[in-house]
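# Understanding the architecture of this molecule
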Amino acid sequence: MTVEPIQIPAPDGYMLHGFARTQPGSRTPERPVVIINNATAVKCQYYDRFADALFAQGSDVLTYDYRGIGISRYGSLRSLSAGWLHWGQCDFEAMLQYANRHFPGQPIHVVGHSVGGVLIGMAPSSPLIARIFTMGAQYAYWPDYAQASRMRMRLQWHWLMPTLARLMGYVPAKRLGWMEDTPKGVALDWSGMGPRIEQSIRQRGPGTHADPARLLAGFSVVRAPILAVSAEDDPFGTTAAIHRLLDYYTGCERQHLRLAPEQVDENGIGHFAFFHSRFKDSLWPIAFKWLLQPRVPIQAPGALSRFGDGQASGCKDANRPQHGAKTAAPTI
C-alpha cells in the first residue's frame, strides 16, 4: 500500500492537506472511494489504522485535516477565521470535489465521526455521496449529554473552552491534554449549540453562509442511506443526540445501531475507541459491510432503529424531539 500526500484547495482558497490510499489497477464503478471526516480537533492520523483496514477491504480511502488542525494548520490560530461552516461548506466540500475529479465513475462513500457526520449536510456537493457511515455523530447540544457527566461536560466544553477561546484567540487544547489546538470560531460553534443547528451556528468570516433555510435545505438534499452507530457509554452520543442530528437528514434512509460494550466483551467504547484496532474484528466489519457490500445482511450486536422512508420525523417542540424511529432486529 502506498499512502500518498495530497493537497486540496478549498473553494475559498485555503489549502488543505491529507492522504490518499489508492488501489492499483484501473478504477471500476464497483470500487468506492471513502472519505473520512474527523471529529472536532482530531488529526486525520488518528484514523490511519481504520483507513488501512478499509483499504485492505478493497476501497480507495481519503483522509484529511480540516483547516487549522494537524497538517492543515499554518502557524498561529489567532488570525484564522474558521468555524464549523468552513469545515463543512469549504473543507469537506473540497474533498467531495476532489474525489469526484480524481476517482471518476466511482461511488463516493463517507465515514463521519462526531461532527464529521454533521458536516456532510453542509457541503453543497453532498448529493454526490452514495453511502454514509457515522460514529457518535451529533452536534453537542449539552442537554443531550449523558446525565451522569452532563454538568462536568457543560463546564468544560460550554464554559471553559469558549472562555479560553475569547481570551487567547484560540483554544490551547494540546497543553491541556484535551485534543488538538482549536480555532476560536470552531470552539464558539461547539459551545454555542442550541436545540437547532440553523438557529445556533454563526457565519465566521467569508466563504460561508449561515442562512437557516439554506442550511436546512443542505441536509434535506442528502440522498445517501445512513447507518449511524453509537455506544451506550458515549457521553456525547446519547440516543437523543444521535436522533437529533438524524432528524435533519429528511431525504434519505436512516438507521441507528446502538451498541453496548459488553456485547463485544469490552469494558468501554465511548466516543473515540471505535477506531482503535482492538475493534478490527468485532466492530469494524459493521462499517465495512455497510460501506462496501451494501444491503448484505450481517449479524451485528446492539439494537437497530429504522427511521421513516425518507420523510421528516419532525419535532413537536424545539427541545424535545419526537422521533419516527422504530426498533428492529439487530441486522444490517
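So, here's what we can say about the structure. Owing to the predicted nature of the structure, the values given are computational and were not obtained by experimental measurement.

Summarising burial for strand β4 (residues 60–64): five of the five residues are buried, a large majority. The alternating pattern of β4 places Asp60, Leu62 and Tyr64 and Val61 and Thr63 on opposite faces, both of which are buried. Strand direction decides the pairing type here: strand β2 (residues 15–21) and β4, joined by four bridges, are antiparallel. Along β4, the bridge assignment pairs glycine 18 with tyrosine 64. Pairing between strand β3 (residues 33–37) and β4: four bridges, direction parallel. Residue valine 34 lies in a different strand from β4, and its bridge partner there is valine 61.

Our next topic: helix α3 (residues 150–168). Taking 1.5 Å of rise per residue, 19 residues should cover 27 Å, and α3 covers 26 Å from first to last C-alpha, within 8% of that figure. Listed in full, the buried residues belonging to α3 are Met153, Gln156, Trp157, His158, Met161, Pro162, Leu164 and Ala165. Looking at the buried residues of α3, the elements they touch are β7 (170–171), α4 (173–176) and α5 (184–191). Positive backbone phi, approximately 85°, marks glycine 169, located one or two places after α3.

Here we take up the packing of helix α2 (residues 84–102) against α5. At a minimum axis separation of 7 Å, α2 and α5 run at an interaxial angle of 110°. What the angle tells us is that α2 and α5 run roughly perpendicular. Residue-level contacts link Trp84, Leu85 and Trp87 of α2 to Val186, Asp189 and Trp190 of α5. Residue composition of the contact of α2 with α5, by class: five nonpolar, no polar and one charged.

What counts and how
Residues numbered from 1 in each chain as written. Predicted model: local features only at pLDDT ≥ 70, side-chain atom pairs only at ≥ 80, totals over all residues. Heavy atoms only, no water. Buried < 20%, exposed > 50% of the residue type's maximum accessible area, 1.4 Å probe, protein only. Helix = DSSP H or I, 4+ residues; strand = E, 2+ residues; numbered from the N terminus. Pairing = 2+ DSSP bridges. Expected span 1.5 Å × (residues − 1). Contact = heavy atoms within 4.5 Å. Axes fitted to C-alpha atoms, helices over the stretch in contact; angles between N-to-C directions. Parallel < 35°, antiparallel > 145°, perpendicular 65-115°, else oblique. Nonpolar A, V, L, I, M, F, W, Y, C, P; charged D, E, K, R; others polar.

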